[in-house]
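# Secondary and tertiary structure notes
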Amino acid sequence: MPELLMGNEAIARGALEAGIRVATAYPGTPASEIMATLMRFGPGAGVYAEWSVNEKVAVEIAAGAAYAGARAMASMKQMGLNVAADAVMSLAYIGVKGGLVLVVADDPGPHSSQTEQDTRLFARFAKLPVLDPSCPREAYEMTKYAFDLSETLGLPVIVRPTTRTCHACQDVALGTIPPRPPVPGFEKDPRWVIMPSLSARQHVWLNRQQRRAGEEFTNSPFNEVRLNSPAGVITSGLSYYYVTEAGEHLGVKLSLLKIGTPYPLPEKLVVNFLKQVERVLIVEEQEPVVEDQVIRLAWRHRLPVEIDGKHNGYLPREGEFNPDIVAAALARFLAIQPAGTPDRPGTPTLPARPPLLCAGCPHRGSFYAFKQAARDRKVILTGDIGCYTLGAAPPLEAMDTCLCMGAGLGLAQGLARVQPDTRLVAFVGDSTFFHAGLPPLVNAVHQQTPIVVVVLDNETTAMTGHQPHPGLATGTRQKKIDISQVARACGVETILTADPLNLEETLAVANQALAAPGPALVILRHPCPQVAKPAGRYQVDETACIGCHTCIKELGCPALRPDGNGVQIAATCTGCGLCSQICPVAAIEEVV
Amino acid sequence: MDILIAGVGGQGIILASRAIGAAALKTGLQVRTAETIGMAQREGSVVSHVRLGPTTTGPLIPRGRADILLALEPAEACRYLGYLKPDGRALISTTPVVPVMASLGATPYPLDDILGYLRNNIAGCHFLAAPDLACQAGSHRALNMVMLGALTNLDLPFPAETLLAAALKLLPDRVHEVNRRAFQLGKQALEV
Ligand code: SF4
Ligand code: SF4
């Protein structure tokens, strides 16, 4: 009986069946459930699984295990690969002994990311083979195969699912999880010590492996050819299904080359296909990775085939594909009428519904207090990556910049250098603090740049689904790292702590930090109500409420709703009490 | 059968789509779903695509092809109505979740227009005050179960009990009673 698995669960299962020993990851949408699954099922199967402090460390740990001949996997989102890039680029030259698979999930759209970068392009840049699954089933199969391929080539292999595979469920027929094979062990050898002379030699080897990988892929079951007509489609990853469905709806039978191995492209397979069609449309989400390689092959082999795709505007290079975009491109390619969609005119204007901080989110108190403290001063608030990025939205509007993990601390220092009359406050989450906040903190102290670092400590990595981080000890053998001790050891002199749901206390701390002469660090700690038990509930005393709507306008808590001239508190209230602290007539009280 | 589930982050849409998927699988059907997980889950607009039956298609339903629209919020029903096929059916919770921006007056929320538009543009349109039934069952969080219960009246390819069992399997034991009640209330609300 097949099981209904999310793509990420299928990937984790594939890794377990492939006999991994070590699995590492840093949370990131849409990849997080891979590690969540390995955490659940890995230990029972003899797998060491950990949430690492960041992606670079995760890759290095997995690589270390692979140096000893064990199979290992590191999983992350596409921007995590940027953090790990230093390790990954060099690792390609050094190679591995045990199979090393990097699962890097892309997020076209983007749904929950800062960029729409295409990991297939990164793989090509790093000279590493990449597999592009079209569905959870294939993600499962590809993950298993990736370990064999990694050992055949002696290279790390990247598996690149996208959001619609990671967060899609499908029935998957599973194999068995075999017992772990013994680890061959690390053998001391100069091949593990990267030096310019070694790199020069290894670069030749690495380039040779590109050809080998391309040949390896020629007979791969993940690539599939169907010859039906002189008009053909070449497609990679999930787009394959959009093409087949559009073909069905349009009632056309096309020649098709499905690519599961976009880099290195299996040249023979592609050239043979191009020889048997007159025109092709290339359908791939994100960057024209396959398209550019196909155009080059066609030119090199002097093939008289017409190639349509992104380069001539048939398909966009930005955004996420869907069945409708692909169907329209296919219809245009075939010069036929696309299937119509029902027309229902007169749609009313709909409310925008952007994401928001949850009801009772402690970040709301942090932002509110710092905005208050900043009222009579010139202040820039730099932000970072996490739920708290949502503090940029009205009514809080408490974030002036957000760039990438940890960047708030660095940007603040640069701004402080050129705007000495402005106080710089850098908000950073607890998990982000450990991930990328330590080097910029050390820098600020060392250079004595007077920024205020505010660690929004909700005791979890909330945005990605509430994973742990080094500031907590969730396992029995973990040691909790105390943020204030870290700051003290780094030489921060002003270290303050408050509960962000206590506005008076938080405001006092904010004022104190803003008045401090050197770098200061404030820890605003309160657990995220999505993991901690709600404290209770609040209600509005209708007779006392004057209908000023201050609570709604200033806090924007989604549990607060205008009710005629009064305010209603919805059942989603978690009892944080912030609204009652700012009500000018004390009309909001705790339900006892 | 293609079912589109729409609503607001936090309403339990992922559980609803998983439960339908698991029930279908139990019945021997193939399943593809696509869910909204990530930033939008924080009070944003979320949608799940659920595709059942032998299929060679991807996880996303093309516009104008869903057989059923299951909406846990009226404005979200409107937002995703384009996915419903011309003779498709819809099951819509009529209680609005007014976004903070609308509370602040920065964006409109014309509830009556929305409900009227839905009624006039969907052949088989069923309205339900689902949150009331959820509270009646014992928890506002059981809204998704009310909707699943009601959905079983729309000729699903599996019996109601299979769906209920699949949904309960995804929930901790201590909330089974409330959710079972919510499911039954939703089912009865639409029974003719
Ligand atoms: S106490 Fe007030 S601010 Fe806090 S969650 Fe409840 S309604 Fe929102
Ligand atoms: S999940 Fe937690 S930290 Fe994130 S917005 Fe909600 S309450 Fe805040």
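It should be noted that the structure appears before, not after, this text.
Residues numbered from 1 in each chain as written. Chains lettered and ligands numbered in written order. Predicted model: local features only at pLDDT ≥ 70, side-chain atom pairs only at ≥ 80, totals over all residues. Heavy atoms only, no water.

## A look at the overall build of chain A
As a reminder, the rule being used: By definition, any uninterrupted DSSP run of H or I lasting at least four residues is a helix, any uninterrupted run of E lasting at least two residues is a strand, and each is numbered from the N terminus. Each radius of gyration is computed over the set of C-alpha atoms, and the globule rule expresses the reference value as 2.2 Å times the number of residues to the power 0.38. For the exposure calls, accessible area comes from a 1.4 Å probe over protein chains only, and a residue counts as buried if that area is under 20% of its type's maximum, exposed if over 50%, partly exposed in between. The contact rule is simple, with two residues in contact once any of their heavy atoms fall within 4.5 Å. Computed with the Shrake-Rupley method and a 1.4 Å probe, the accessible areas treat only the protein chains shown as cover for residues. By the counting rule applied here, Lys and Arg register as positive and Asp and Glu as negative, while His and the ends of each chain are not counted. Note that the charge is assigned to NZ on lysines, CZ on arginines, CG on aspartates and CD on glutamates.
Of regular secondary structure, chain A possesses 19 helices and 22 strands. For 592 residues, the compact-globule estimate of 2.2 N^0.38 gives 25 Å, and chain A sits close to it at 27 Å. Based on the C-alpha atoms only, the size of chain A along its principal axes is roughly 80 × 70 × 55 Å. Residues classed as buried in chain A amount to 60% of the 592 residues present. For chain A, the share of sequence-separated contacts (at least 6 apart) that also reach a separation of at least 24 residues comes to 79%. Entry remark: accessible area of chain A is about 23,300 Å², with carbon and sulfur atoms responsible for 53%. Of the charged side chains in chain A, 51 are positive and 57 negative, and the gap between their average positions amounts to 6 Å.

## Section: the interface of chain A and chain B
Size of an interface, as often reported, equals the accessible area lost when the parts are brought together. Rule in force here: Buried surface area refers to the total accessible area, computed with a probe of radius 1.4 Å, that the two partners give up upon joining, counted for both partners together. We define a salt bridge as a side-chain nitrogen of Lys or Arg found within 4 Å of a carboxyl oxygen belonging to Asp or Glu.
Of the residues lining the interface, 65 residues belong to chain A; the matching set on chain B comes to 56 residues. Buried area between chain A and chain B, summed over both chains or domains, comes out near 5,100 Å², and the portion from carbon and sulfur atoms is 62%. A per-residue breakdown of the area chain A buries against chain B is headed by Arg344(A), Pro351(A) and Arg353(A), which together make up 17% of the total. Run the count over chain A and chain B and you get 3 salt bridges. Of the charged contacts, one joins Arg51(B) and Glu245(A) as a salt bridge, the two residues approaching to 2.7 Å between their closest N and O atoms.

## Some points on the site of ligand 1
All names here are of chain A. What counts is decided by this rule: For this purpose, a residue is taken to be near a molecule or strand whenever a single non-hydrogen atom of the residue falls within 4 Å of it. Using protein atoms alone on a 1 Å grid, points that fit a 1.4 Å probe yet trap it form a cavity, whereas open point sets bounded by protein on both sides within 12 Å along at least five of seven lines form a pocket; residues with an atom within 4 Å of a point count as lining. The rule for placing a molecule in a cavity or pocket is simple: more than half of its atoms must lie within 2 Å of the grid points. For this classification, the nonpolar set comprises Ala, Val, Leu, Ile, Met, Phe, Trp, Tyr, Cys and Pro, the charged set comprises Asp, Glu, Lys and Arg, and every other residue, Gly included, is treated as polar.
Lining the immediate environment of ligand 1, one finds 13 residues, of which Cys557, Cys573, Cys576, Gly577 and Cys579 sit closest. For ligand 1, the cavity whose grid points lie within 2 Å of the majority of its atoms is the largest cavity. Each residue belonging to the shell around ligand 1 can be placed in one class, and the counts come to 9 nonpolar, 4 polar and no charged.

## Examining helix H1 (residues 13-26) of chain B
All names here are of chain B. Put simply, the test is: Working rule for helices: expected span equals 1.5 Å times residues minus one.
An ideal rise of 1.5 Å per residue puts 20 Å on 14 residues; H1 measures up with 20 Å between its terminal C-alpha atoms. Of all 14 residues in H1, 11 are buried, a share of seventy percent or more. Three or more residues of H1 are buried, namely Ile13, Leu15, Ala16, Ser17, Arg18, Ala19, Ile20, Gly21, Ala23, Ala24 and Leu25. Gly28 sits one or two positions beyond H1 and adopts a positive phi of about 90°.

## With respect to unusual backbone geometry
All names here are of chain A. In this chain, Thr29 is followed by Pro30 through a cis amide linkage whose omega measures 10°. With an omega dihedral of 5°, the bond running from Pro394 to Pro395 counts as a cis peptide bond. You can see Pro395 is positioned in the loop between strand S14 (379-382) and helix H14 (407-418). Positive phi is not limited to glycine here, since Arg302 has a value of about 50°.

## A few points about the pattern of salt bridges
Summed over the entire model, instances satisfying the criterion amount to 32 salt bridges over all chains. For Arg71(A), the salt bridge goes to Glu151(A), with nearest N and O atoms at 2.8 Å. On the criterion of sequence distance, the pair formed by Arg71(A) in the loop between helix H3 (55-67) and strand S4 (72-77) and Glu151(A) in helix H6 (residues 136-153) is long-range, its members being 80 residues apart. By relative accessible area, Glu151(A) is classed as partly exposed at 33%. A salt bridge links Arg51(B) to Asp2(B), with the nearest nitrogen and oxygen atoms 3.1 Å apart.

## A look at empty space enclosed by the protein
All names here are of chain A. Definition in use: Grid points are joined across faces, edges and corners, and a volume is the space filled by probe spheres set on the points.
The final tally for this structure, using the stated rule, is 7 cavities of 30 Å³ or more. Of the pockets and cavities examined, the largest cavity occupies roughly 110 Å³. Together, 16 residues line the largest cavity, and Cys557, Cys573, Cys576, Gly577 and Cys579 are the ones closest to its centre. Its residues assigned to classes, the lining of the largest cavity shows 11 nonpolar, 4 polar and 1 charged.

## Here we look at the packing of aromatic side chains
Residue and element names in this part refer to chain A. So the rule is basically this: Between the rings of Phe, Tyr and Trp (Trp by its six-membered ring), a pair exists once the centres lie within 6.5 Å; its type follows the angle of the planes, with under 30 degrees stacked, over 60 edge-to-face, and the other angles tilted. Criterion for a charge above a ring: Lys NZ or Arg CZ within 6 Å of the ring centre, and within 35 degrees of the ring normal.
Evaluated as defined, the whole model comprises 9 aromatic pairs over all chains. Centroid distance Tyr240 to Tyr241: 5.0 Å. Interplanar angle 75°. Geometry classified as edge-to-face. Accessibility assignment for this pair places Tyr240 and Tyr241 in one class, buried. Aromatic side chains Phe433 and Phe434 sit 5.5 Å apart centroid to centroid with 75° between the ring planes, which places their arrangement in the edge-to-face category. For the pair formed by Phe433 and Phe434, the shared burial category is buried. Of the aromatic side chains, those joined through ring pairs into one cluster are Tyr67, Phe186 and Trp192. Lying across the ring of Trp192, Arg191 places its NZ or CZ 3.9 Å from the centre. The ring of Phe333 is capped by Arg279, whose NZ or CZ atom sits 4.1 Å from the centre of that ring.

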